[in-house]
Amino acid sequence: MPPIVEIRDVSQYAGQEVVIQGWLYNLRESGKLLFPLVRDGTGIIQGVVVKAAVAPEVFEAVRHLTQESSLRVTGRVRAEKRAPGGYELEVTAAEVIQRVPPERPYPITPKEHGIEFLMDHRHLWLRSMRQRAILGVRHEIIKAARDFLDSQGFTLVDTPILTPAACEGTTTLFEVNYFGDKAYLTQSGQLYNEAAAMAVGKTYCFGPTFRAEKSKTRRHLTEFWMVEPEVAFAHLDDICALAEQLVSFVVERVLAKRREELKTLERDLSKLENCRPPFPRIRYDEAVNRLQQKGSEIRWGNDFGGTDETILSEQFDRPVLVTHYPGSVKAFYMAPDRERPELALCVDMLAPEGYGEIIGGGERLADFELLARRIEEHQLPRQAFEWYLDLRRYGSVPHAGFGMGIERVVAWVCGLEHVRETIPFPRMLYRLTP
RNA sequence: UCCUCAGUAGCUCAAUGGUAGAGCAUCCGGCUGUUAACCGGAGGGUUCCAGGUUCGAGUCCUGGCUGAGGAGCCA
């Protein structure tokens, strides 16, 4: 029995007989020759079936295969210039595991399709070359982010997904019935991260977050993944440096290990190769000036709109860090600047090519009195924040952190139009299935 | 929530208010090197839904549904 081989490894088996297990991607035929294209999740290979060289039932079985039928083929691997991929399988035997019924053929043909149709068939769309490439890059980005933080002495501390009360203010949360009480799906692990940082020094959480905002744009999902580092004794400068190192590490890793996938996605690699530190840093004041010069109607004191982020990020050839926003547009727990208390010690990182915000964070309020006052000002339920205030009662220290949105990073690295392709099963305003 | 656009075969689309069509997919046939193969043939329709105008509506009007793009919203 020949060895079962993954398609990505076939070059090591040239001249040998192997078994490939996979799905039929396409079938071309020319008289007494069949060219089944078989994919197995690791790659794609062209088989060639010569009528005179195989049993009649093998030839007939392959000839009547339909797209995405599952099969096991046996054959000899051969270098072949005419075959896509450079290697070909001279088929000697084929076993059909399940034939897709012709009365109900595989819906995603190798032709054009509309986005609604593709989204409705997301469970099948994932099989396409392009989607597989995106999944590969996503995996690499997640692994790189974790490898980087692990190598820097961070401890992964998981934060809860079910949270009591509105733990970050009044913004829209998904409510769930928790044994008769109200609970909410988390929109950030950050508050819990602060507790963890006081326990282990450097921590991060990595998990799904949920926002019930009715945002209908190319950069919003209602369920998305964030990696959120938090560091005790860190100031704004420290986490700006951390963010810069993290992002450049991630991009470098993807460039090193996922070139094939980026090629499939037709990504302009030079754009990614630019992304070496140092990244430019500008303050909110300067950002507003730049935007106004470009004709934006933004006024000092307002947050950037999606268009503003795009304009700003298009002005740089690598990610840009924007710091010192007005405190009024940022969350209650942001530390104020000492010299200009109306500014928050915060940072957003905007990805280039118009991709916009991929990181948001800053230095946290460490002072008990000030934090308690902010909670009151924001009309948050004090009771629910007593544990959070405890962090300022018992050995409070300066600390800072940020969150990096995985899907936005994937969209940028892959050069995608919309974040809906960056996550296997996107959850959006009007999309909960499949 | 608002604005704009769209909805016709399984898919992508065409059809001046006058006989609903093409390519792909499926099935049958042809081709010994195909490259989203090609060539020939066949089957396949509640034109999103409900009303209305008209001799006649896929096409025009009203309402609704669904989706897309954008805005708002969005540490």
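Here the structure is a predicted model, which means the values were calculated and not measured.

S.K.: Outline the pattern of salt bridges, listing residues and values.
M.R.: A complete count under the given rule lists 34 salt bridges for this structure. Linking Arg-8 and Glu-6 is a salt bridge whose minimum nitrogen-to-oxygen distance equals 3.1 Å. Residue Arg-8 is classed as exposed on the basis of its relative accessible area, which comes to 56%. Its relative accessible area of 36% is what places Glu-6 among the partly exposed residues. Between Arg-431 and Asp-120 there is a salt bridge; the shortest N-O distance is 2.8 Å.

S.K.: Explain the nonpolar core to me, using residue names and the numbers behind them.
M.R.: One finds Val-247, Met-404, Trp-412 and Val-413 to be the most contacted residues of the largest nonpolar core, which totals 63 residues. Element by element, the count of residues in this core is highest for helix α6 (residues 236-257), at eleven residues. Those residues in contact with Val-413, other than ones at most four positions away along the chain, are Val-137, Ile-141, Val-251, Val-254, Leu-262, Arg-267 and Leu-272.

S.K.: Tell me about unusual backbone geometry, residues and numbers included.
M.R.: The peptide bond linking Pro-277 to Pro-278 adopts the cis configuration, its omega dihedral lying at 0°. Mapped onto the fold, Pro-278 is located in the loop between α8 (269-273) and β12 (281-283). Unlike most non-glycine residues, Glu-68 shows phi in positive territory, near 75°. Structurally, Glu-68 can be placed in the loop between α1 (56-63) and β4 (70-79). Overall, Glu-68 belongs to the buried group, its relative accessible area being 5%.

S.K.: How would you explain the sheet that holds strand β8 (residues 175-178) if you had to name every residue and give the values?
M.R.: Here three strands make up an open sheet; going across it, the order is β7-β9-β8 and the pairing antiparallel. The open sheet has two free edges, formed respectively by β7 (162-164) and β8, since each of these has just one partner strand. Averaged over neighbouring strand pairs, the angle between their axes works out to 50° when direction is ignored. The sheet contact formed by β7 and strand β9 (residues 181-185) spans three bridges and is antiparallel. Paired with Pro-164 across the two strands is Ala-183, which belongs to β9.

Cut-offs used in this document
- Residues numbered from 1 in each chain as written.
- Chains lettered and ligands numbered in written order.
- Predicted model: local features only at pLDDT ≥ 70, side-chain atom pairs only at ≥ 80, totals over all residues.
- Heavy atoms only, no water.
- Salt bridge = Lys/Arg side-chain N within 4 Å of Asp/Glu carboxyl O.
- Buried < 20%, exposed > 50% of the residue type's maximum accessible area, 1.4 Å probe, protein only.
- Core = buried A, V, L, I, M, F, W, Y, C linked by side-chain atoms within 4.5 Å.
- Helix = DSSP H or I, 4+ residues; strand = E, 2+ residues; numbered from the N terminus.
- Contact = heavy atoms within 4.5 Å.
- Pairing = 2+ DSSP bridges.
- Axes fitted to C-alpha atoms, helices over the stretch in contact; angles between N-to-C directions.

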